[in-house]
Amino acid sequence: MVVGVLALQGSFNEHIAVLKRLGVKGVEVRKPEQLLNVSSLIIPGGESTTMAKLAELHNLFPALREFVQMGKPVWGTCAGLIFLANKATGQKTGGQKLIGGLDCTVHRNFFGSQIQSFETELPIPQVVAEDGGPPSFRAVFIRAPAILDVGPDVEVLSDIPLSAIETLNSNPAIQKEEESTESGKKVIVAVKQGNLLATAFHPELTADTRWHSYFLKMVPEIEGGTSDIVSTSTSNQSFGTRSIIDFPIYQ
Ligand SMILES: NC(=O)CC[C@H](N)C(=O)O
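Residues numbered from 1 in each chain as written. Predicted model: local features only at pLDDT ≥ 70, side-chain atom pairs only at ≥ 80, totals over all residues.

- As annotated in an unreviewed UniProt entry, the chain carries the name glutaminase and is attributed to Solanum lycopersicum.
- UniProt, in its Sequence similarities (unreviewed entry) section for the chain, records the words "Belongs to the glutaminase PdxT/SNO family."
- Its UniProt record, at the heading Catalytic activity (unreviewed entry), says of the chain: "L-glutamine + H2O = L-glutamate + NH4(+)". (UniProt positions renumbered as here; feature names shortened; annotations may be inferred.)

1. Brief notes about the overall build of the chain
Working step 1: Summing up its helical and strand segments, the chain has seven helices and twelve strands in all.
Working step 2: Per-residue burial for the chain yields a buried fraction of 39% across its 251 residues.
Working step 3: Relative to all contacts within the chain whose residues are 6 or more apart in sequence, the contacts with residues 24 or more apart total 70%. (Helix = DSSP H or I, 4+ residues; strand = E, 2+ residues; numbered from the N terminus. Buried ≥ 20, exposed ≤ 12 C-beta atoms within 10 Å, placed from the backbone. Contact = placed C-beta atoms within 7 Å.)

2. Focus on the UniProt feature "active site" (unreviewed entry) in the chain
Working step 1: Cross-referencing UniProt, the feature "active site" (unreviewed entry) maps to Cys-78, His-202 and Glu-204 in the present numbering. A stretch of 127 residues holds the annotated residues, and the largest C-alpha distance among them is 11.0 Å, short enough that they meet in one place.
Working step 2: Locating Cys-78 in the fold gives a position in the loop between strand 4 (74–77) and helix 4 (79–84).
Working step 3: In contact with Cys-78, not counting residues within four places along its chain, are Gly-45, Ile-142, Ala-144, Pro-145, Ala-200, Phe-201 and His-202.
Working step 4: Counting through the fold element by element, Glu-204 comes out in the loop between strand 12 (196–199) and helix 6 (210–217).
Working step 5: Those residues in contact with Glu-204 that lie beyond four places of it in its chain are Ser-11, Glu-14, His-15, Val-18 and Thr-77.

3. So, the UniProt feature "binding site: L-glutamine" (unreviewed entry) in the chain
Working step 1: Per the UniProt record, the feature "binding site: L-glutamine" (unreviewed entry) sits at Gly-46, Glu-47, Ser-48, Arg-108, Ile-142 and Arg-143. A maximum C-alpha distance of 12.7 Å is found for the annotated residues, which run over 98 residues; spatially they form one tight group.
Working step 2: With residues up to four places along the chain from it excluded, the contact list for Gly-46 reads Gln-9, Gly-10, Ser-11, Met-51 and Ala-79.
Working step 3: Mapping Ile-142 onto the fold places it in the loop between strand 8 (136–141) and strand 9 (146–150).
Working step 4: Overall, the presence of 19 C-beta atoms within 10 Å leaves Ile-142 in the partly exposed class.
Working step 5: Here Ile-142 is in contact with Gly-45, Cys-78, Ser-117 and His-202, once residues within four sequence places are set aside.

See below:
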């Protein structure tokens, strides 16, 4: 099995390059039938409105929604996060089509325009951290969205204090959010909900592969993925031949 990367637009090459560095084959997905050949999917950053139009053109929405609903691991980065959200605000007039499945409201371009893009160090979530690795990761936000609220099944992995982003104080969306956020003035930038992972930042643009490794652990078919589950199993079956329902991670 290989990891699919939606390759309509955006930073799909960069994701494929990181997968390659981790010894995993990433393949470009542009047509619905190509989803049948992949175990999981990364939806890259880019421009979610354009991506939605291209997905519509290629008749990808039914297959993408089915892929999500089947419980296959899907990771959306930035525009990919918007694409996976159940609800988006800050959209262009007329809205945009979303795959949905991720129970959250995402605000497009939350941190401002392209020139207000920024990088910052954020603490690495415990589940993503690796032994001996640095305690933080470089989070690259490019005209990024932020998650404003999440449903009960959504686990928050990372958030960011609005006060940390000085240049953004002039952004009306942030000011509004600062007023409405009760304590700590934070917005959410990374979440997990079952088979879905979403990040507002771009790990594929850094040398730190820990977010990709974390996603790969959600993909049982990959050699090395969920290895702790396999090693504690009493089964002698080889990793690659076990059925998906044998893996507790899918429950
Ligand atoms: N880096 C990105 O993916 C930017 C996302 C873009 N602002 C959008 O709304 O789609």
